[in-house]
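As a plain string of letters, each chain reads:
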Amino acid sequence: MDKAMSGVSSKPADVNISNISIQVVSAQGKLPGRRPQRKPIGKSRPKKQIKKKAPFWNVQSKILLLTVFLFILAITAWTLLWLYINKTESKDAFYFVGMFRITNIEFHPEYRQKESREFLTVAQTVQQVVNLVYTTSAFSKFYKQSVVADVSNSSKGGLLIHFWVVFVMPHAKGHIFCEDCVAAVLKDSIQTNIINRTSVGSLQGLAVDMDSVVLNAGLRSDYSSTIGSDKGCSRHFYADHLSRCYPLEISATSGRLMCHFKLVALVGHLIRLSIESVQIEADNCVMDSLAIYDSLLPIHSTVLYRICEPTRTLLSFVSTNNLMLLTFKAPQIRRLSGIRAYFEVIPEQKCENNVLVKEITGFEGKISSPYYPSYYPPKSKCTWKFQTPLSTLGIALKFHNYSIAKKSVKGCEHGWWEINEHMYCGSYVDHQTIFRVPSHLVHIQLQCSSKLSDKPLLVEYGSYNISQPCPVGSFRCSSGLCIPQAQRCDGVNDCFDESDELFCVTLKPACNASSFRQHDPLVCDGFRDCEDGQDEQNCTQSIPCNNRTFKCGNDICFRKQSAKCDGAVDCPDGSDEAGCSCGGSWPALLRVTGGADTQEGAWPWQVSLHFLGSAYCGASVISREWLLSAAHCFHGNRLSDPTPWTAHLGMYVQGNAKFTSPVKRIVVHEYYNSQTFDYDIALLQLSVAWPDTLKQLIQPICIPPAGQKVHSGERCWVTGWGRRHEADNKGSPVLQQAEVELFDQTVCVSTYGIITSRMLCAGVLSGKRDACRGDSGGPLSCRRKSDGKWILAGIVSWGHGCGRPNFPGVYTRVSNFVPWIHKYVPSLL
Ligand code: 4AZ
C-alpha cells in the first residue's frame, strides 16, 4: 500500500522536473551547434556590453567549469573504484597454511634467522616450487603467492618447512576452494617411486616426505601475525636446556591481543607446556581462545587443545615433536585478559611396562597415561604386560573418573583399549569404576583415539580372586566396585550407578517413635530422616553445611527448601530467600488433564530453542539469563556454536514468543556421552536477560535439592512443541502437555538395560503419553506437595520411539547435577 501511494504522488513532479530539465539541457547541450547562429548576434553587440552582461558565465567559462567538474568526478570515481577493487581483493583472498619435510637438506642454526642468506635461499626455492605447482594446476587463475614462514629441524632428519599459500578469487566461486582439493594438488605433485616403497618423492626437484604434507585452510589474521608483517605480541622462543622452565606471560586490560608464541626445543625432544591460569572471555572459542598446536603455524589439524574459558587449574600438554605454537586471541578486551604459563624441554618417553603383581589381593600400584599428569598427545600409545603369581588370580583395574566399555560400531572418543585382544572404548565419568580381567597374564594397550590431547588417566591395579571378585560381606556394583554390604540403601549412592539401590532393603535402624520421612532427604547425618527429627539430635550448628543446607548470615545451617519462599523468614538476613521466585505455586488446575494443548501461560519456564530459525529443541528457564537443556541438542560442530541459536521464551503458539534472545554461551556437560546419552545436560546463557516486565509470562522453574530422590508412581508433566506422533513429520504449532508417571528404576533398567543413575524414566505403561522428536531438552515438571512449587525433575533425553507401550521416555535426572549447575549459575543458590 505504501508503495502504490508513493507512485501516484511522484508522477506530476516527475513531469515538471523533466520538462524543465529538457529546456535547460537543450540550451546548454546544443551550444556548440548553435555557435554559428549566435556569433553574428554577438558580433553586432558592443564588446563592453557583452562583458558587462556575462563577464564570467560565458560559454567558454561554462565549458571550462564543466571540464573541471567532470575531471573531479572522474578522479573521485577512479579512487572509489580502486578502493573497491582493493577491498574486494582482500575479502576474496583465501589463505592455506601447511608444512612438509624436505629430507635431503641438512639443518643449520642460521635457518632460524629470517634475514639470513640460508633462510632466504631455502624460502625462495620452496616458494618457487609451490608457485610452479599451483600455477600449473586448475587453481592457476586464482593463485597469488606462497610465503615460507619458518624453517626448522625435524627429529626425522632434514628440514621442516612451514608455509602459507594465498589465492584470490570472487566469493561466489569460493566453493571450489575445498581444503582437500588444494592439499591434493600439492600432494599429487610429489612423484614417489613405487618400486623403492618410500614416502619420499620429488616435488619439482625437492625431496619431500609425502607423509609429512599437511595443508589446511587458515585465517588472514594468523597469516599477517605469523609471517612477521603484523608482529603484535608474537614471539619466537628457542629452548635448548632440559630441566629449565621458560616463562610465558601476557596480559592486557583493554584493546586486543592476537599473540602467537612459537616454541622450538632441541631436536629429538618434546615440549611440555604448563598453563597456570587463563583469563579469557568465555565464548565457546568463536572469538576468544587459547589454542595449542603441534606445529609452528596455526594448522587446525595439528591442534592439541583449545581453552575457551577462564581457568586457574594447572593444565599441561605435551607436543609430539620439538615444536609447539600457542595462540592467544582476545579481540575485544573488556577486563583483564591474559595467560600465565611456562614450558620445558622433556625427553621422549617410551611407554612399555612389564608388571609383576603380588599374591596379596587388593590394589598395590598405579599406572597412568603417557606423560602423566599432562594431557596425553594424539596418537600416543602405552602398553602394560601384567602377570599375577597364581592362575587363580586375575587383574583388577580401578579407573579414576573413567570407564571402559566394549567397543561398538561407532568410533572411540576417549581412548582405545586393547585388553587380551578385546577392544574397549574409554569415556570420562565422575566416579571410579573397576574392570576385572579374569586371567593371570594380561596384555593391555592404550592408544589415544582423540584428534586432540586427552585428559590424563590414573589407574590402580592389583590382583583379585577370579572365583570371588568381591571380598566376603561386600556387594558388587554393576560398575565393578565392591562396596561394604552395610553401606547399601543408607541414602548414600555408593555404587554411583545406583545398582546398590535396585533391590534396596533399609539397613539403617528404624526410627523409635515415628516413621521415616518420605520426602526431603535431610541434613546433618546424610541419612533418611525420621518424621520426629530424632535422627538429627546430634546434628549441631557447628557441622559445616552440606549440599542440602545453606548458611545464613549468622553461620547457622538451614535446610534448603524447608520454610524457604513460603513467607516465613528462616534467616534473619533473608539469605534463604535468594532463589525464591521459582516454580510459581499456582494450582495445577490450570493444566488440561488428559488434553493435548496447554493453556497459554501454564508452563512459563518452557523455552523453544531455534537453530538457524527453526524449532529444534526445548529448554527450561532457571534464571534471568540461564536455561537448562539436553547436551545432545548441541552435539556436533555446527550445533555446539551458540551463534545460530535463539531462545524463544513466553511462547504458546510456535513462532509467537513474547521474548527472544540469541544464545551467548552453551555449556555441554564435560562427561556427556553421545553413544549412551549419559550426562545429557547443557546450560545455555542468553545474550539478553528477560525483563522484569515479563515475569507474569516467563518464570524460572525450581531446581531440585541436590541428590533428591524421585518416587516411582509420582505424576509429573512433560511439555513441548515436538511431534505429536512418531510418524509425524513436523512438530506441533501449539505447546503440548502430557501427564506421565515416574517409573521404578529397576523396571526401566530391565526395559532398556543401559540406564545410568543420571537418567530416570517416565511415561505410562500403555505408551501414548510421551515426549517425542523436538521435545528434547524440554522440562519434566513435577509439583512439590509441600509448597506447590514446580520442580524440574527431568530433561527430555531419549527413548525407544514415541509412546510405545512398555517403552517409557528417558529423562536426565536433574537432581544429580545440582553442584554442576551451581558451578555455572551460582546466583541460583
Ligand atoms: C527426540 O528425538 C526424542 N519418547 C525425545 C524423546 C523421546 C524420543 C525421541 C522419548 O528428541
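Values in this document were obtained by computation on a predicted structure and should not be read as measured data. (Residues numbered from 1 in each chain as written. Predicted model: local features only at pLDDT ≥ 70, side-chain atom pairs only at ≥ 80, totals over all residues. Heavy atoms only, no water.)

## Section: the site of the ligand
Line of reasoning, step 1. Lining the immediate surroundings of the ligand are Asp770, Ala771, Cys772, Arg773, Gly774, Ser776, Val796, Trp798, Gly799, Gly801 and Cys802.
Line of reasoning, step 2. Between the ligand and the protein, one listed contact pairs a nitrogen atom with a side-chain N or O atom of aspartate 770 at 2.7 Å.
Line of reasoning, step 3. Between a nitrogen atom of the ligand and a main-chain N or O atom of alanine 771, the distance comes to 2.8 Å.
Line of reasoning, step 4. For the ligand, the protein covers 85% of the area, taking 300 Å² as the surface of the free molecule.
Line of reasoning, step 5. Broken down by class, the residue content of the shell around the ligand amounts to five nonpolar, four polar and two charged. (Near = heavy atom within 4 Å. Polar contact = N/O pair within 3.5 Å; in protein donor to acceptor, adjacent residues only side chain to side chain. Areas by Shrake-Rupley, 256 points an atom, 1.4 Å probe, with all protein chains shown as cover. Nonpolar A, V, L, I, M, F, W, Y, C, P; charged D, E, K, R; others polar.)

## Section: the state of the cysteines
Line of reasoning, step 1. Summed over all chains, the structure comprises 10 disulfides.
Line of reasoning, step 2. The partner cysteine of cysteine 233 in its disulfide is cysteine 259, sulfur to sulfur 1.7 Å. Between cysteine 233 and cysteine 259, the disulfide has an S-S torsion of -105° and is therefore left-handed. Of this pair, cysteine 233 sits in the loop between helix H7 (220-226) and strand E7 (235-239) while cysteine 259 sits in strand E9 (residues 255-265); the two residues are 26 residues apart in sequence, bridging distant segments of the chain. The exposure classification of cysteine 233 matches that of cysteine 259, with both residues buried.
Line of reasoning, step 3. With its sulfur 1.6 Å from that of its partner, cysteine 748 forms a disulfide with cysteine 761. (Disulfide = S-S within 2.5 Å. Helix = DSSP H or I, 4+ residues; strand = E, 2+ residues; numbered from the N terminus. Buried < 20%, exposed > 50% of the residue type's maximum accessible area, 1.4 Å probe, protein only.)

## Some words on the sheet that holds strand E33 (residues 645-649)
Line of reasoning, step 1. The six strands are arranged E30-E31-E32-E35-E34-E33 in a closed barrel whose pairing can be described as antiparallel. For this sheet, the mean angle separating the axes of adjacent strands, direction not counted, is 45°.
Line of reasoning, step 2. The pairing of E33 with strand E34 (residues 659-668) spans four bridges and is antiparallel. In the sheet register, histidine 648 faces E34, and the bridge partner there is threonine 660. (Pairing = 2+ DSSP bridges. Axes fitted to C-alpha atoms, helices over the stretch in contact; angles between N-to-C directions.)

## Section: the nonpolar core
Line of reasoning, step 1. Among the nonpolar cores identified, the biggest contains 81 residues, and Phe386, Trp417, Leu609, Ile622, Leu628, Leu683 and Ile821 are the most heavily contacted of them.
Line of reasoning, step 2. When residues are assigned to domains, this core turns out to be shared by domain 3 (371-469) and domain 6 (588-828), each giving three or more.
Line of reasoning, step 3. When sequence neighbours within four positions are dropped, the list of residues in contact with leucine 683 reads Ile622, Trp626, Leu627, Leu628, Arg665, Ile666, Val667, Trp820, Ile821, Tyr824 and Val825.
Line of reasoning, step 4. Counting 36 residues, the second largest nonpolar core, distinct from the first, contains Ile102, Val129, Met169 and Leu186. (Core = buried A, V, L, I, M, F, W, Y, C linked by side-chain atoms within 4.5 Å. Domains from an automatic or database assignment. Contact = heavy atoms within 4.5 Å.)

## Describing helix H6 (residues 179-188)
Line of reasoning, step 1. Buried within H6 are the following residues: Val182, Ala183, Val185 and Leu186. Across the axial projection of H6, the buried residues extend over an arc of 150°, all falling on one side. When the buried face of H6 is taken as reference, the exposed residues oriented beyond 90 degrees from it are Asp180 and Asp188.
Line of reasoning, step 2. Where H6 is buried, its residues touch strand E1 (93-102), helix H5 (117-135), strand E3 (159-168), strand E5 (200-203) and strand E6 (206-218). (Arc of directions from axis to C-beta.)

## Focus on helix H8 (residues 745-752)
Line of reasoning, step 1. Of all the residues in H8, the buried ones are Gln745, Cys748 and Tyr752. Buried residues of H8, viewed axially, fall in a sector of 60°; they line one side.
Line of reasoning, step 2. Turning to H8, the residues buried within the fold contact strand E38 (759-763), strand E40 (790-798) and strand E41 (809-813).
Line of reasoning, step 3. Just past H8, the residue glycine 753 takes up positive phi, approximately 80°.

## So, the side chain of serine 277
Line of reasoning, step 1. Looking at where serine 277 falls in the secondary structure, it is placed in strand E10 (residues 269-279).
Line of reasoning, step 2. Not counting chain neighbours up to four residues away, the residues in contact with serine 277 comprise Thr311, Arg312, Gly338, Ile339 and Arg340.

## As for the environment of leucine 441
Line of reasoning, step 1. Within the secondary structure, leucine 441 sits in strand E24 (residues 441-447).
Line of reasoning, step 2. With 55 residues separating them in the primary sequence, leucine 441 and phenylalanine 386 have C-alpha atoms 5.8 Å apart.
Line of reasoning, step 3. Beyond its immediate stretch of four places on either side in the chain, leucine 441 contacts Phe386, Gln387 and Asn420.

## Considerations on the environment of leucine 270
Line of reasoning, step 1. By the secondary structure assignment, leucine 270 is in strand E10.
Line of reasoning, step 2. Given the relative accessible area of 3%, leucine 270 is considered buried.
Line of reasoning, step 3. In sequence terms leucine 270 and glutamine 349 are 79 residues apart; their C-alpha atoms lie 9.4 Å from each other.
Line of reasoning, step 4. Setting aside residues up to four positions removed in sequence, leucine 270 forms contacts with Ala265, Val318, Ser319, Thr320, Asn321, Glu344, Val345, Ile346, Pro347, Glu348 and Tyr371.

## Let's talk about the sheet that holds strand E4 (residues 191-192)
Strand pairing in a sheet is mediated by backbone hydrogen bonds. Such pairs are either parallel or antiparallel.
Line of reasoning, step 1. The sheet built from six strands is open, its strands ordered E2-E3-E1-E6-E5-E4 with antiparallel pairing. Whereas interior strands pair on both sides, the edge strands pair on one side only; in this sheet they are strand E2 (143-153) and E4.
Line of reasoning, step 2. Judged from the nine bridges that link them, E2 and E3 form a sheet pairing that is antiparallel. Bridge assignment links valine 148 to a residue of E3, and that residue is phenylalanine 163.
Line of reasoning, step 3. Where H5 meets the sheet, its contacts fall on E1, E2, E3, E5 and E6, and the angle it forms with E2 comes to roughly 140°.
Line of reasoning, step 4. Lying over the sheet, H6 contacts E1, E3, E5 and E6, oriented at roughly 165° with respect to E6.

## Comments concerning the pairing of strand E14 (residues 323-333)
Every other side chain in a regular strand lies on the same face of the sheet, so the side chains alternate between the two faces.
Line of reasoning, step 1. When you tally the buried positions in E14, you get nine out of 11 residues, the bulk of the element.
Line of reasoning, step 2. Sheet topology note: the E9/E14 ladder contains nine bridges and is antiparallel. Bridge assignment links phenylalanine 261 to a residue of E14, and that residue is leucine 326.
Line of reasoning, step 3. As judged from the five bridges shared by strand E11 (residues 289-293) and E14, these two strands associate in the antiparallel manner. Bridging across to E14, tyrosine 293 finds its partner in leucine 325.

## Topic: the packing of aromatic side chains
Line of reasoning, step 1. One pass over the structure, following the stated rule, counts 36 aromatic pairs.
Line of reasoning, step 2. Ring geometry for tyrosine 95 and tyrosine 223: centres 4.8 Å apart, planes at 45°, overall tilted. Of the two residues, tyrosine 95 sits in strand E1 while tyrosine 223 sits in helix H7, which places them 128 residues apart along the sequence. The residues tyrosine 95 and tyrosine 223 share a single accessibility class, namely buried.
Line of reasoning, step 3. Of the aromatic side chains, those joined through ring pairs into one cluster are Phe96, Tyr134, Phe139, Tyr143 and Phe167.
Line of reasoning, step 4. For arginine 436, the ring lying beneath its charged end belongs to tyrosine 464, and the centroid distance is 5.7 Å.
Line of reasoning, step 5. Over the ring of tyrosine 428 we find lysine 455; its NZ or CZ atom is 4.7 Å from the centre of that ring. (Phe/Tyr/Trp six-rings, centres within 6.5 Å; stacked < 30°, edge-to-face > 60°. Lys NZ or Arg CZ within 6 Å of the ring centre and 35° of its normal.)

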